[in-house]
Amino acid sequence: GIGKAIARELLSEGARVIINEPVAENVQKVAAEFSKFGKTFTAPGDLSTMEGAQKVIDAVESYGELDVLVNNAGVYWAVPFEESSDEDWMRMFNINLFSMVRLCRHFLPKMLKRNSGKILCSASEVAVKPLPTFLHYCSSKAAIMSLARGMAELTKGTKVTVNCVLPGPTWTEGTAEYQTGIAKSKGMTVEEHVEDYFNNFDPTSLVRRWVDPREIATTVTYYCSELSAATNGAPIRIEGGIIR
């Protein structure tokens, strides 16, 4: 949901957008859906493997120079810490972190060579507010925040920027379906469940609601633009004030 919202927002600002997802049919479907908003291209490939990442890189290179890289691929699942396996941790880091490493190792040097380009990495508010129910996920997001800051150090004195966004709980299609199911199981309306959620699970939230994907997309789009040229190496919070 977040990736689609970002692609849609970038198209609305006149960008030519290359869409990635592991399943080629899904990429084609989104590209066809968004073609009415602007120029879309596809680069299907599984970024959790070197082979898949190279396939994506080759597709991107066939379209020309990449001006902006939005690293948004990621997965999430909850598992008690004591039950989490090495395989859980390796899969989480391979998809969430190394997908970014594989693309940035290729595209960041090119941006530095021509002295222009922007990279945005999607982390999460749990990067700085880890929760015990999914520490493998929280740790991967903390690593992403460190990666983004470290890459920004490589851009010193150039017109290239690398920033990191920290979205909070976001009301995507998948989240809506999942949370609606929980509300029904508790005999609550969705509104009652949302209130209960922020009273008990994220009580520090100031907005007291899930973030809309477009709110993340508009923020990301701003930091993809030259309007944000003075911001570099920053963790940008889009989490409704959860982090104190």
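Details of the structure are given in the entry above.
A. Here's a closer look at the nonpolar core. Residues Leu69 and Ile119 are the most contacted members of the largest nonpolar core, which totals 33 residues. Elements with a minimum of two residues in this core: helix H3 (50–63), helix H5 (98–114), strand S4 (117–122), helix H6 (135–153) and strand S5 (160–167). With 7 residues, H5 is the largest single contributor of residues to this core. Ile2, Ala5, Leu10 and Val211 belong to the second largest nonpolar core, which has 23 residues in total.

B. Region of interest: the sheet that holds S4. Read across the sheet, 4 strands follow the order S3-S4-S5-S6 without closing on themselves; strand pairing throughout is parallel. The open sheet has two edge strands with one neighbour each: strand S3 (68–71) and strand S6 (235–238). Taken over all neighbouring pairs, the strand axes of this sheet differ in orientation by 20° on average, direction set aside. Direction of pairing for S4 relative to S5: parallel, over a ladder of 6 bridges. The residue of S5 that forms the bridge with Lys118 is Thr161. Contacts from H5 reach S3, S4 and S5, with the element oriented near 160° to S3. Across the sheet, H6 touches S4, S5 and S6, and the angle it forms with S5 is around 160°.

C. The side chain of Thr175, seen in detail. Its place among the elements puts Thr175 in helix H7 (residues 173–185). Reaching out from Thr175, the side chain makes a polar contact with the side chain of Thr172 at a distance of 3.0 Å. Every residue in contact with Thr175, bar those within four places of it in the chain, is listed here: Thr170 and Trp210.

D. Representation of helix H9 (residues 213–223). Within the sequence span of H9, burial applies to Pro213, Ile216, Ala217, Val220, Thr221 and Tyr223. End-on, the buried residues of H9 take up no more than an arc of 160°, which puts them together on one face. Of the surrounding secondary structure, the elements contacted by the buried residues of H9 are helix H1 (2–12), S3, S4, S5 and S6.

E. Fine view of the pattern of salt bridges. Inspection of the entire model under this criterion finds 10 salt bridges. In this structure, Glu65 and Arg114 form a salt bridge, with 2.8 Å as the shortest nitrogen-oxygen distance. Separated by 49 residues along the polypeptide, Glu65 in the loop between H3 and S3 and Arg114 in helix H5 bring together distant segments of the chain.

F. Up close: the packing of aromatic side chains. Evaluated as defined, the whole model comprises 13 aromatic pairs. A centroid spacing of 4.9 Å and a plane angle of 80° characterise the contact between Tyr197 and Phe198, whose relative ring orientation is edge-to-face. An aromatic cluster of three or more residues is present, and its members are Trp171, Tyr197, Phe198, Phe201 and Trp210. Positioned above the aromatic ring of Phe37, the side-chain terminus of Arg8 is 3.4 Å from the ring centre.

About the thresholds
- Residues numbered from 1 in each chain as written.
- Predicted model: local features only at pLDDT ≥ 70, side-chain atom pairs only at ≥ 80, totals over all residues.
- Heavy atoms only, no water.
- Core = buried A, V, L, I, M, F, W, Y, C linked by side-chain atoms within 4.5 Å.
- Buried < 20%, exposed > 50% of the residue type's maximum accessible area, 1.4 Å probe, protein only.
- Helix = DSSP H or I, 4+ residues; strand = E, 2+ residues; numbered from the N terminus.
- Pairing = 2+ DSSP bridges.
- Axes fitted to C-alpha atoms, helices over the stretch in contact; angles between N-to-C directions.
- Contact = heavy atoms within 4.5 Å.
- Polar contact = N/O pair within 3.5 Å; in protein donor to acceptor, adjacent residues only side chain to side chain.
- Arc of directions from axis to C-beta.
- Salt bridge = Lys/Arg side-chain N within 4 Å of Asp/Glu carboxyl O.
- Phe/Tyr/Trp six-rings, centres within 6.5 Å; stacked < 30°, edge-to-face > 60°.
- Lys NZ or Arg CZ within 6 Å of the ring centre and 35° of its normal.

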